[in-house]
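Structure at a glance
Letter by letter, the chains look like this.
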Amino acid sequence: MINNALKILDCTLRDGGYYNDWDFSDELVGDYLTAINNSGIDAVEIGFRFLPKSKFIGSLGYSTDEYLSSLNLPLSCLVGVMINAKEILNFEDGIDEAISKLFDEKKNSPVDLVRVAAHFNEYSDCYPIVKALHSLGYIVGFNLMQSGGRSEKELSDAAAEIKSWKGLEVLYFADSLGNMSKVDVLETIDAFRSGGWE
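So, here's what we can say about the structure.

Right, let's talk about the pairing of strand S3 (residues 78–84) for a bit. Burial within S3 is extensive, with five of its seven residues counted as buried. Here strand S2 (residues 43–48) pairs with S3 via five bridges, running parallel. If you follow Ala 43 over to S3, its bridge partner there is Leu 78.

Moving on, we come to helix H8 (residues 152–163). With 12 residues, H8 extends 16 Å from end C-alpha to end C-alpha; this agrees with the ideal 16 Å at 1.5 Å per step. Among the residues of H8, Leu 155, Ser 156, Ala 158, Ala 159 and Ile 162 are the ones counted as buried. Summarising the axial view, the buried residues of H8 lie within an arc of 165°, below the 170-degree limit, and thus occupy one face. Packed against the buried residues of H8 are strand S5 (139–145), strand S6 (170–173) and helix H9 (182–194).

All right, on to the nonpolar core then. Counting 60 residues, the largest nonpolar core has Ile 83, Ile 129 and Phe 142 as the members making the most contacts within it. Filtering out sequence-adjacent residues up to four positions away, Ile 83 remains in contact with Phe 48, Arg 49, Ile 88, Ile 99, Leu 102, Phe 103, Val 114, Arg 115, Val 116, Ala 117, Ile 129 and Leu 133. Among the nonpolar cores identified, the runner-up in size contains five residues, and Ala 43, Leu 113, Ile 139 and Tyr 172 belong to it.

The next subject is the packing of helix H6 (residues 95–102) against helix H7 (residues 127–135). Two elements in contact, H6 and H7, have axes separated by 10 Å at closest approach and are oriented at 40°. The angle between H6 and H7 places the two elements in the oblique class. The handedness of the crossing between H6 and H7 comes out as right-handed. Within the contact between the two elements, H6 uses Ile 95, Asp 96 and Ile 99 and H7 uses Pro 128, Ile 129, Ala 132 and Leu 133. Looking at side-chain class alone, the contact of H6 with H7 contains six nonpolar, no polar and one charged residues.

What counts and how
- Residues numbered from 1 in each chain as written.
- Predicted model: local features only at pLDDT ≥ 70, side-chain atom pairs only at ≥ 80, totals over all residues.
- Heavy atoms only, no water.
- Buried < 20%, exposed > 50% of the residue type's maximum accessible area, 1.4 Å probe, protein only.
- Helix = DSSP H or I, 4+ residues; strand = E, 2+ residues; numbered from the N terminus.
- Pairing = 2+ DSSP bridges.
- Expected span 1.5 Å × (residues − 1).
- Arc of directions from axis to C-beta.
- Contact = heavy atoms within 4.5 Å.
- Core = buried A, V, L, I, M, F, W, Y, C linked by side-chain atoms within 4.5 Å.
- Axes fitted to C-alpha atoms, helices over the stretch in contact; angles between N-to-C directions.
- Parallel < 35°, antiparallel > 145°, perpendicular 65-115°, else oblique.
- Left-handed = near helix turned anticlockwise from the far one by under 90°.
- Nonpolar A, V, L, I, M, F, W, Y, C, P; charged D, E, K, R; others polar.

Following this line, the structure appears as structure tokens:
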């Protein structure tokens, strides 16, 4: 459970993996986790959890329970992974089957937090993903990408719909295209608040 106090999440390897297909050395991962454990941050998003891919990607592209259990994970913060909503929504056997392929029940996993990353035009289809993850016992966050350039009404309406989802604890927004100013960030926060988020 996450309360309303300010929380800091570090996603250095998960986000940095776009540059090397999440293929980090064991030494680097170990050093990173030591630094995270000493940092005082609240959550570490260690990597993605993709469905199997035809091309090679490193261990942090899948962040399986088996792999994560082999690491010296920090005891001082939540451990998270990210999933791509598009991949789950497009899975040929359906959302529930995709989630069951990726996640065991939380009681059997080192993962505490799962963040669902969705493009703005996908969010309305994503409640079943959140619901499935919540039913397995995970803290669930939702990362609304490409929020920049949206009107106050678009953002407020999206926030209100997402707020109605049972089992979702945190709503994030991302400047996926790199064009949000300080004013844009503050206006997005205000729009989310008007949609029911504190």
